[in-house]
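Residue strings, one per chain:
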Amino acid sequence: MHEVEKPPALAGRGGCWFRAGDAEIHCGVEDDFRPARKAHPCLLVDDIAEVAERVATVGGEVRWDEQIPGVRRFHTDDPVGNRIELQQA
């Protein structure tokens, strides 16, 4: 995903937006922020092994999960502690 510029009317609110293909993730900050531990986005990727290697290379934790038979996936955390799931598309 790459960062995209927010519309000028929303830029003053802070946060950031990211896009890959047709998918976008909009991130913001709340004063009483608590990281989401259970609710999380799941991103489908073409090469899960490559993504896991890239996450690990930049210091991210890769927690493989084999609880769903036939599904290759792992969890990691964003820089503020929110859980992110990645699955082989």
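Above this text is the structure in question.
Please provide a residue-by-residue account of the sheet that holds strand S4 (residues 42–45), values included.
One open sheet accounts for four strands, arranged S4-S7-S6-S5; its pairing is mixed. Two strands bound the open sheet, and with one partner strand each, they are S4 and strand S5 (63–65). Looking at each pair of strands side by side, their axes are set apart by 30° on average, direction ignored. When strand S6 (residues 73–77) meets strand S7 (residues 83–88), the two strands line up antiparallel, connected through five bridges. Each residue of the ladder has a partner; that of Arg73, found in S7, is Gln87. Running over the sheet, helix H2 (residues 48–57) touches S4, S5, S6 and S7 and is turned about 20° from S6.

How would you explain H2 if you had to name every residue and give the values?
In an α-helix there are 3.6 residues to a turn, and that puts residues three or four apart on one side. Those residues of H2 lying buried are Ile48, Ala52 and Val55. One side of H2 carries all its buried residues, which in axial view fall inside an arc of 60°. Seen from the open side of H2, the exposed residues pointing more than 90 degrees away from its buried face are Glu53, Arg54 and Thr57. The secondary structure elements touched by the buried residues of H2 are S4, S5, S6 and S7. Of the residues one or two after H2, Gly59 is the one with positive phi, at around 95°.

Reading the values: rules and limits
- Residues numbered from 1 in each chain as written.
- Predicted model: local features only at pLDDT ≥ 70, side-chain atom pairs only at ≥ 80, totals over all residues.
- Heavy atoms only, no water.
- Pairing = 2+ DSSP bridges.
- Helix = DSSP H or I, 4+ residues; strand = E, 2+ residues; numbered from the N terminus.
- Axes fitted to C-alpha atoms, helices over the stretch in contact; angles between N-to-C directions.
- Contact = heavy atoms within 4.5 Å.
- Buried < 20%, exposed > 50% of the residue type's maximum accessible area, 1.4 Å probe, protein only.
- Arc of directions from axis to C-beta.

Distances and angles like these do not, on their own, reveal function.
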